[in-house]
Amino acid sequence: MRVIAGKAKRTLLVAPEGLNTRPTADRAKEGLFNILAPRVRGARFLDMFCGSGAIGIEALSRGAAEAVFVENSPAAISALRKNLAKTRLSDAEIFELPVETAVSRFSTNGRKFDIIFLDPPYGFDFLPVSEARTLLAEGGIIIVETDSSFPAGDLTPHDVRLYGRTKFLFFCEDDT
């Protein structure tokens, strides 16, 4: 696992040990950022269920103004801190707490993000997508990474992209 492009290009990243996190494959990450390219520079990026932080770090490397990382696993937070130190990327905030708590806190504080990325454990309820909408800046986008076989539930994504077993669901602020 590595940073694909930008200031930290080719930096190798560490992942937490065990099977609780699934690093996004380089091919899928590259496809995602090819789609997001026009939106990333100067964006406020929120990476929820961030694991090692590879997606948010990629956004920072490609010119995002800031990245906010939310993760509840101490092992993943440790990997994230190591990865941020290795890449020497600043403008990052880390919140070690459940996603639901982070959404509530950010909403109360009026924080808005241009790009919100969620990579919940497979089989996770899509409730965080509905709740995350309160944090979406005007013209923003929410991306959910999941297994290719996992249905979107009652939500209708604006776009869906498949990369092997990885599926990205894209939701714009006006999608239902």
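So, here is what we can say about the structure in this document. None of the values given here were measured: they were computed from a predicted structure.

## What about the environment of Arg-133?
Position of Arg-133 among the secondary structure elements: in the loop between α5 (127–132) and β5 (136–147). Arg-133 gets classed as partly exposed once you look at its relative accessible area, which sits at 22%. Residues Arg-133 and Lys-112, spaced 21 residues apart in sequence, show a C-alpha to C-alpha distance of 9.5 Å.

## Here we look at the pattern of salt bridges
Here the structure, examined in full by the defined rule, presents six salt bridges. When the shortest N-O distance is used, the salt bridge between Lys-29 and Glu-58 registers 3.9 Å. With Lys-29 in helix α1 (residues 26–40) and Glu-58 in helix α2 (residues 54–61), this residue pair connects regions lying 29 residues apart in the sequence. Connected through shared salt-bridge partners, Lys-29, Glu-58 and Arg-62 make up one network.

## Focus on the nonpolar core
Formed by 30 residues in total, the largest nonpolar core has its most connected members in Leu-32, Leu-36, Phe-45, Phe-69, Ile-115, Ile-143 and Phe-168. Every element with two or more residues in this core is listed here: α1, α2, β2 (66–71), α3 (74–87), β4 (113–118), β5 and β7 (166–172). Leave out the neighbours within four places in its chain, and Ile-143 touches Leu-32, Leu-36, Ile-115, Ile-116, Phe-117, Leu-118, Phe-168, Leu-169 and Phe-170. Of all hydrophobic cores here, the second largest spans 22 residues; its members include Phe-49, Val-70, Leu-135 and Phe-171.

## What about unusual backbone geometry?
Of note, the phi angle at Arg-10 is positive, near 75°, even though the residue is not glycine. You can call Arg-10 exposed: its relative accessible area is 59%. Although it is not a glycine, Phe-49 adopts a positive phi angle of roughly 55°. Counting through the fold element by element, Phe-49 comes out in the loop between β1 (44–48) and α2.

## A look at the packing of aromatic side chains
Under the criterion given, the structure shown has four aromatic pairs. By way of ring pairs, the aromatic residues Phe-95, Phe-106 and Phe-113 are connected into one cluster.

## As for the sheet that holds strand β3 (residues 92–96)
Spatially, seven strands are ordered β3-β2-β1-β4-β5-β7-β6 in an open sheet, and the strand pairing comes out mixed. One side of each edge strand has no neighbouring strand; the edge strands of this open sheet are β3 and β6 (159–163). Sheet twist, expressed as the average angle between the axes of neighbouring strands with direction ignored, equals 15°. Both β1 and β2 contribute to a ladder of five bridges, which runs parallel.

Reading the values: the criteria
- Residues numbered from 1 in each chain as written.
- Predicted model: local features only at pLDDT ≥ 70, side-chain atom pairs only at ≥ 80, totals over all residues.
- Heavy atoms only, no water.
- Helix = DSSP H or I, 4+ residues; strand = E, 2+ residues; numbered from the N terminus.
- Buried < 20%, exposed > 50% of the residue type's maximum accessible area, 1.4 Å probe, protein only.
- Salt bridge = Lys/Arg side-chain N within 4 Å of Asp/Glu carboxyl O.
- Core = buried A, V, L, I, M, F, W, Y, C linked by side-chain atoms within 4.5 Å.
- Contact = heavy atoms within 4.5 Å.
- Phe/Tyr/Trp six-rings, centres within 6.5 Å; stacked < 30°, edge-to-face > 60°.
- Pairing = 2+ DSSP bridges.
- Axes fitted to C-alpha atoms, helices over the stretch in contact; angles between N-to-C directions.

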